[in-house]
Each structure stands twice: as structure tokens, then as C-alpha cells.
Amino acid sequence: MVNLSVKIGSLALKNPVMTASGTFGYGEEYAEFFDLNELGAIVVKGLSVTPRQGNPTPRIVETPAGMLNAIGLQNIGIKAFIQDKLPFLRRFATPVIANFFGDTINEYVRAAEELSAAGGVHALEMNISCPNKQAGWIVFGTDPKTMEQVVSAVRKTTSLPLIVKLSPNVTDIGCMARVAEQCGADAVSVINTLTGMVVDIKKRRPVLANATGGLSGPAIRPIAVRMVWEVYKAVKIPVIGMGGIMTARDALEFFIAGARAIAVGTANFINPVAPVEIRNGIAEFLREEGLSDINDIVGSLSITPKT
Amino acid sequence: MSSAAPVSRSFRAEIVENSSRGNSFKLLAVTPLTGTISPEPGQFYMLQAADSYDPLLKRPFSIFESAGEQLKFLYRIRGKGTLSLSRLKEGARITIIGPLGNSYPDPQGDFIAVAGGVGIASLFPLLSKHAGKAHLFYGARNSDELVFATESGTLVKGISIATDDGSAGEKGFITEHLRHCLGALPGPAHRLPVYACGPTPMLKAVAQMAHERGLSCYVSLEEHMACGIGACLGCMVKTVSGQKRVCKEGPVFEAGDVVW
Ligand SMILES: Cc1cc2nc3c(=O)[nH]c(=O)nc-3n(C[C@H](O)[C@H](O)[C@H](O)COP(=O)(O)OP(=O)(O)OC[C@H]3O[C@@H](n4cnc5c(N)ncnc54)[C@H](O)[C@@H]3O)c2cc1C
Ligand SMILES: Cc1cc2nc3c(=O)[nH]c(=O)nc-3n(C[C@H](O)[C@H](O)[C@H](O)COP(=O)(O)O)c2cc1C
Ligand code: FES
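Calculation rules
- Residues numbered from 1 in each chain as written.
- Chains lettered and ligands numbered in written order.
- Predicted model: local features only at pLDDT ≥ 70, side-chain atom pairs only at ≥ 80, totals over all residues.
- Heavy atoms only, no water.
- Helix = DSSP H or I, 4+ residues; strand = E, 2+ residues; numbered from the N terminus.
- Contact = heavy atoms within 4.5 Å.
- Core = buried A, V, L, I, M, F, W, Y, C linked by side-chain atoms within 4.5 Å.
- Buried < 20%, exposed > 50% of the residue type's maximum accessible area, 1.4 Å probe, protein only.
- Polar contact = N/O pair within 3.5 Å; in protein donor to acceptor, adjacent residues only side chain to side chain.
- Buried area = accessible area lost by both parts, 1.4 Å probe.
- Salt bridge = Lys/Arg side-chain N within 4 Å of Asp/Glu carboxyl O.
- Nonpolar A, V, L, I, M, F, W, Y, C, P; charged D, E, K, R; others polar.

### A few points about the environment of Phe64(B)
Residues and elements named next belong to chain B. Here Phe64 is to be found in the loop between strand S4 (59–62) and strand S5 (65–67). Along the primary structure Phe64 and Leu28 are separated by 36 residues, whereas in three dimensions their C-alpha atoms are 9.4 Å apart. Not counting residues within four places of it along the chain, the set of residues in contact with Phe64 comprises Leu27, Lys72, Phe73, Leu74, Ile120, Ala121, Phe124, Pro125 and Phe148.

Here it is, written out as C-alpha cells:
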């Protein structure tokens, strides 16, 4: 038997395959395709204290081996999530990780408070890729000072395991990971989408109604793997790797680069059973390699030149 | 622990036909390799467009016909995805998700169907399920883009055709023709429900016309889709009762619900 269980702070996962926020709804749609008990954890669509309408359409455009989305953080709000979606998720023996965000530090704190009190939420994942409305348009996750303030404030609010989801739109992601660690984060998620744009050459306009969007899918994988590796070297807390994982082979790159768990995002859209296939493929690889524990390959990357 | 349900909406299928209809349309017939769920008129499937990751996302296509084991799709070659789909040969295998979305509510008696271009693909199974009940208004850019007009003609009570260039039927938009005919339809025809699929401006015009005459009207909408199953929130449409997902709460909407 191969051991696939891992620990993210105090949160024990039966296997290291999670779903990436915003690509799995609140789980209901995928329950028709596989048993959600097979997942390591379910990360739900990003939540805010008050519901959000999101951006006008088109919100999605394809790019080579990837996609840009400008959903605009549309969500039903924390109250509706707790009332209408959590009862369904509680039926599964799979931890629920609530992804959340706010426009101000106060909104982050309130969101964390409400989610912590809900019962049935096993960890929090902070999305800090949104602009801090009080400090003008400084994105929380790209400015170490604002990030420190918001992560520290949320840390004081909750005793649940706290995961900080880092933005890749920075020059030194290792530095941002260290800030999260110093502020008491239990883990970091690496990476969120990269800002991009697609132009309609006939109309001379961006294709997305919002002009820019977040790039995800296989196109970003090499960047994500590099960033996971940089973050792994920079901090001691566990790293959750994501960005373009389509197969078990892709996922294994992340573990070797230092990820303790991985999340499947865009792949869910293309293959609704991708997370299960990836989990099975990881176990098979470990067996083939004569390894008995997933934790043994985490950070096993060797960069010394071959002699 | 087994993960795969015996009949899943996610399945592999073998291509048995991928033949040209006119210059820019193709008819794709596939045989699923495992059991599938029977589709209803108006539902759609997400079809894998390429073996590689470019294009990456599946593409939505209405069910055109489901005959025995086979599923058929009528598609217009538009961009990268449909182009690579058009190159697939007999015997090739693709993955498919579906049937997805809601379907056209069953008309109680006679009805009016309005198809614009490839919109005929979505309405065709409704015409065959209720053979002999529809007055079909079918518009296209030109005669070459008027596919399956003959076959559709045999399924309906009457057919009116219009092309933008006048190369077949009346010259002009099918909506102008519909406006003209609505007054002239016999007996209680002015109370018939309207079912429409086609480009958004056409649907908007049809919806307006139906509203003015107090007819019930169902439209099948299109939006860019990533997942097709309701998870990504990419395909929202504004309705009087808030935003809805075209892939999940649609693609068929009551015209009066849609904020045009
Ligand atoms: C529910 C539904 C059912 C459909 N049924 C059919 C059908 O039966 N037959 C058929 O030929 N087409 C159908 N379509 C449209 C079809 O999905 C698009 O033509 C196809 O995705 C284009 O892919 P592409 O890669 O060739 O084009 P792209 O290179 O992606 O784009 C080419 C052009 O198509 C437009 N486009 C891309 N995706 C969509 C989309 N989802 N909806 C509207 N426009 C789009 C782009 O804006 C662009 O102008 C349906 C769409 C929906 C939402
Ligand atoms: C449609 C869509 C919506 C997303 N919504 C969120 C969100 O609400 N919160 C968040 O932290 N990340 C969100 N993400 C980012 C993903 O969770 C993930 O970090 C990113 O897509 C990279 O992984 P992937 O390439 O496997 O998709 C979203 C991504 C997509 C494609
Ligand atoms: S296409 Fe993903 S929600 Fe409709």
C-alpha cells in the first residue's frame, strides 16, 4: 500500500489532490461525475461577505494551451454558502476549504470570522489577488506591506488552518511567501492566475469585456513549477502547488519541486474526473518507482549538475 | 471504491462520419463506447476539439439527431476548434460530456420554429419529435448555408426560407419574413408558441415580435463556455430574476426572462 496522506498544518488529507478554487463550483456539479469522497480536499469558489455579480460577458477566452477568465469573483456570498451549499458538502468525508476575499482588511476579517463559525469548514484559503480599495488600487498580494496587514488581521481572527494563496504577478514570490509565513499562515497556495489579454484584431478591442483576465491551464505550468520551487526554498510551511495540472505526470513535477499537495483547476473543465485520474496516477507512479510514501518525493528535486 | 458510475455524462466515442454539407458545414456522427443518457431536443454536448492542448477547451454543440446508438452534430467551421474537429477521420476517438443543459418544453400542438443559420441544428430534433406540427422559418446568409432545408421541410407543416443575398427563398432577414407572415397565418396561428435558435440579434427581434403579439416564446442562447456543467460561471446571461448560467439553467430560456 502506498501512503498518499499528507498534512497541511493541522489539517490531515487522505490524499494530496484538491480542487482549485473557482473551477469546482461548490462541488454539486461534479458529484454527478465521481464520488467527492475520493478527493483530498474540496476548495470552493471564492466567497465574499456580500454576494457579487461579477463581470459582463464574454468572461472567457481561449489562448494557446490555456484560457483567460474574467469571472470577476462572482459568488453567492458567505451567508448563502453556509445555508445552501455547506449542508451538501458536509455529507462527504472530505475536508472543505473555503476560499475567500474582500476589498478591505475589514471585509477579509469578517469573512474569516463568519466562515470559521460555520461548522463544516475545515480550513481557510485567503485569495489576496484583489485590489485593496481602501489603499487605492494596491493589490493585497503584490505589496508586502498591505499583505502583512491583511494576513496578520485574518490570523488573529481564526483558529482554522490558514492558507494564503499567492499571486504570481510579482517579481519575488519567495519574498511574499515569507511574509505569509511570518504572519502566521499554515500553508501557501502557489499559484493564482497570471494577468493576460487577448486582442480581437478586427475590432481592435480586447476580447474580454473586462479587457484583461487571469491566465490558467497548461500554458502556465512551467511558471507555476518554478514558483513552487522558489517558495519551497523560501519557507518551512507546506506549499500547495497548482497551475496547469492536467495529468498525474504534471502533478508529480509539482511534488518534486516542493509541493506537499496539489490542486486541479482548469483540467476540471476539460475532464470532470481529472482529479480522480490524477490521484490514481500518482499512486501508480509511486508503486512503479518502488516508493511507499508521497511525502518522500516532496522537494526531491536535484539541481546539481550531472557529472 | 469505484469512482465511475455505469452511465456517465463523460464518455469516449468513435467517429463514424464527419462529412461536408455545403462549404462550411459538417455533419459529425459518433458512436459512444459506453452507455449514455438519451438527449432531449435543445440539449447540447461538449466535444473535445483536438488531441493536443491547443485548442484546450471542449466546444458546445447541440444534439442534431440521436438515432439508436449514434449521436449526430451539425457544425459550422468557424475557428480553431471547429477546424480541428473538421479534420477528424472515421475511427478516431474523442471525449464528450453530455447531454447537458435544459431542453425545449414540449409544444402542446402546432408551433412556430425560427432557425437562423446553424440554429437549425438545435431545432431539428424538436421538428422531428413533433413531426408535422411546426411552421418553420429558416434564414441563412445564402443558399450554401441553408443546410438540411429539404430534410427539415419533410418534418414540418410549412417552411418559409429567406437568405440575406436572395440566393434561395425570400431576400432579406427571416425575421422580416416572419413579421409579414405572422399576421397572415391561418386561424388561431397567432397564438402558437415560438421556438427560436440563431444569432442573438435575430433572437432579440423574434422575442420582441412574440412579446408584441402575446405569444409564448423560447429561445436557445449561446455564450462562450469553458466547463458546460455549471462550475466556471463563464456563460452568464442576465435575466429578470438575476444572472443565470446558459449551460445549466439554459440554453433554452423563456424570451421574456432574458434581459436583451
Ligand atoms: C449551447 C450551444 C450550442 C451550440 N450548438 C452548435 C451547433 O449545433 N453547431 C454549431 O456549429 N455551433 C454550435 N454552437 C456554437 C459553437 O460552440 C461555436 O461555433 C464553437 O465553439 C466555435 O469554436 P471554434 O474554436 O471553431 O471558434 P473560435 O476560434 O473559438 O471562435 C470563432 C468564432 O466563434 C465565436 N465563438 C466561440 N465560441 C463560441 C460559443 N460558445 N458561442 C458563440 N460563439 C462562439 C467566437 O467569438 C468567434 O467569433 C453552440 C454553442 C452553444 C453555446
Ligand atoms: C474560471 C476560474 C475561476 C477562478 N476563481 C478563483 C477564485 O475565486 N479564487 C481563487 O483564489 N482562485 C481562482 N481561480 C484560480 C485557480 O484556483 C487556480 O489558482 C488557477 O486557475 C491555476 O490553476 P489551473 O491552471 O490548474 O487552473 C480561478 C480560475 C479559473 C480558471
Ligand atoms: S460554461 Fe462553465 S458555468 Fe457555464
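There is more to say after this.
### Brief notes about the nonpolar core
Of all hydrophobic cores here, the largest spans 155 residues; its most connected members are Leu166(A) and Ile282(A). Ignoring anything within four residues of it in the chain, the contact list for Ile282(A) reads Leu4(A), Val17(A), Ala248(A), Ala251(A), Leu252(A), Phe255(A) and Ile294(A). One finds Leu27(B), Tyr104(B), Leu127(B) and Ala140(B) within the second-largest nonpolar core, a separate group that totals 29 residues.

### Considering the side chain of Ser122(B)
Residue and element names in this part refer to chain B. Considering the arrangement of structural elements, one finds Ser122 in helix H2 (residues 120–129). On the basis of relative accessible area, Ser122 is assigned to the buried category, the value being 1%. A polar atom in the side chain of Ser122 sits 2.5 Å from the side chain of Tyr104. In this structure Ser122 touches Gly42, Ser62, Tyr104, Cys197 and Ser220, once residues within four positions along its chain are discounted.

### Remarks on the interface of chain A and chain B
Note: interface size is frequently given as the accessible area lost on complex formation between the parts. Facing the 33 residues of chain A at the interface are 28 residues of chain B. Interface area for chain A against chain B, summed over the two sides, is near 2,700 Å², with a carbon-plus-sulfur share of 59%. Taken together, chain A and chain B are joined by three salt bridges. The shortest N-O distance in the salt bridge between Arg9(B) and Glu32(A) comes to 2.4 Å. Counting every contact that joins chain A to chain B gives 10 residue pairs in polar contact (both at pLDDT 80 or more). The set of elements that each furnish at least two residues to the side of chain A that touches chain B consists of helix H1 (28–31), strand S5 (60–63), strand S6 (66–69) and helix H8 (267–270) of chain A. Of all the elements, S5(A) adds the most residues to the side of chain A that touches chain B, at three residues. Here the side of chain A that touches chain B is composed, by residue class, of 16 nonpolar, 10 polar and seven charged.

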